[in-house]
Amino acid sequence: ALVAGLWFASHPIHTECVAQLVGRAEVLAALLCLLGTKFHGMAKSQAKSKRPLGMLVSCVAMMICLFLACLCKETAVVLPIVLIGTDIAVALLAP
């Protein structure tokens with residue numbers, strides 16, 4: 001019975017509890033990237049309304065979100081490329 005109990009305790013089917021912890025990094029990185037995108041939009045709108053201090057605060061907040069997202073998951077490093085690409089696409093499609 002002791003051998004059966006030890007085998008049951010060490011069986012790989014019990015990894016479900018730990019497997020959920022691994023997925024948190026992706027969710028947190030995605031959340032921080034979305035928040036960084038929000039701050040980027042706020043910085044652009046404050047730049048149009050001639051508010052330099054608000055734009056600076058939004059840019060710093062975006063950089064902090066990018067830094068924290070990169071600490072969670074290294075694939076978040078593409079966020080500036082995506083934002084620049086989006087800005088270029090919007091500028092090209094705007095009449």
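Quick caveat: nothing in here was measured; it's all calculated off a predicted structure.

Enquirer: I keep staring at the side chain of Q46 and nothing clicks. Help me out?
Expert: Its place among the elements puts Q46 in helix α3 (residues 24-48). When residues no more than four places from it in sequence are discounted, the contact partners of Q46 are R51, G54, M55 and S58.

Enquirer: Whenever I open this one, the environment of L83 confuses me. Can you help?
Expert: Secondary-structure assignment places L83 in helix α5 (residues 79-93). The spacing of L83 and G41 is 42 residues in sequence and 9.5 Å in space, taken between C-alpha atoms. Sequence-distant contacts of L83, that is, excluding residues within four places in its chain, are made with T37, H40 and M62.

Enquirer: Before we go on, may I ask you to explain the nonpolar core in this structure?
Expert: Most often, soluble globular proteins have nonpolar side chains that are buried together. Counting eight residues, the largest nonpolar core is built from L32, C33, M62, L66, A69, A76, L79 and L83. Of all the elements in the fold, those that place two or more residues in this core are α3, α4 (52-72) and α5. The greatest single-element share of this core, amounting to three residues, is contributed by α4. Sequence-distant contacts of L66, that is, excluding residues within four places in its chain, are made with A76, L79 and P80.

Enquirer: How should the side chain of S58 be read in this particular structure?
Expert: Mapped onto the elements, S58 comes out in helix α4. Polar contacts involving the side chain of S58 include one to the side chain of Q46, which spans 3.3 Å. Those residues within four positions of S58 in sequence are excluded, and the remaining contacts are F39, M42, A43 and Q46.

Enquirer: Explain the packing of α3 against α5 to me, please; I cannot follow it from the model alone.
Expert: What describes two packed helices is the angle between their axes and the distance between those same axes. Between α3 and α5, whose axes approach to 11 Å, the crossing angle comes to 40 degrees. In this view, α3 runs oblique relative to α5, as classed from their interaxial angle. Judged by the twist between their axes, the crossing of α3 over α5 is right-handed. When α3 is examined against α5, the residues C33, T37, H40 and K44 are found in contact with a partner set consisting of L79, L83 and D87.

Enquirer: Please clarify how the confidence of the model for the protein should be interpreted in this entry.
Expert: The predicted coordinates ought not to be read in detail in places where the model reports low pLDDT. The predicted model of the protein averages 88 in pLDDT, with 91% of residues at 70 or higher. The spread of mean pLDDT over the elements of the protein runs between helix α2 (residues 16-22), the lowest at 67, and α4, the highest at 94.

Analysis parameters
Residues numbered from 1 in each chain as written. Predicted model: local features only at pLDDT ≥ 70, side-chain atom pairs only at ≥ 80, totals over all residues. Heavy atoms only, no water. Helix = DSSP H or I, 4+ residues; strand = E, 2+ residues; numbered from the N terminus. Contact = heavy atoms within 4.5 Å. Core = buried A, V, L, I, M, F, W, Y, C linked by side-chain atoms within 4.5 Å. Buried < 20%, exposed > 50% of the residue type's maximum accessible area, 1.4 Å probe, protein only. Polar contact = N/O pair within 3.5 Å; in protein donor to acceptor, adjacent residues only side chain to side chain. Axes fitted to C-alpha atoms, helices over the stretch in contact; angles between N-to-C directions. Parallel < 35°, antiparallel > 145°, perpendicular 65-115°, else oblique. Left-handed = near helix turned anticlockwise from the far one by under 90°. pLDDT = per-residue confidence, 0-100.

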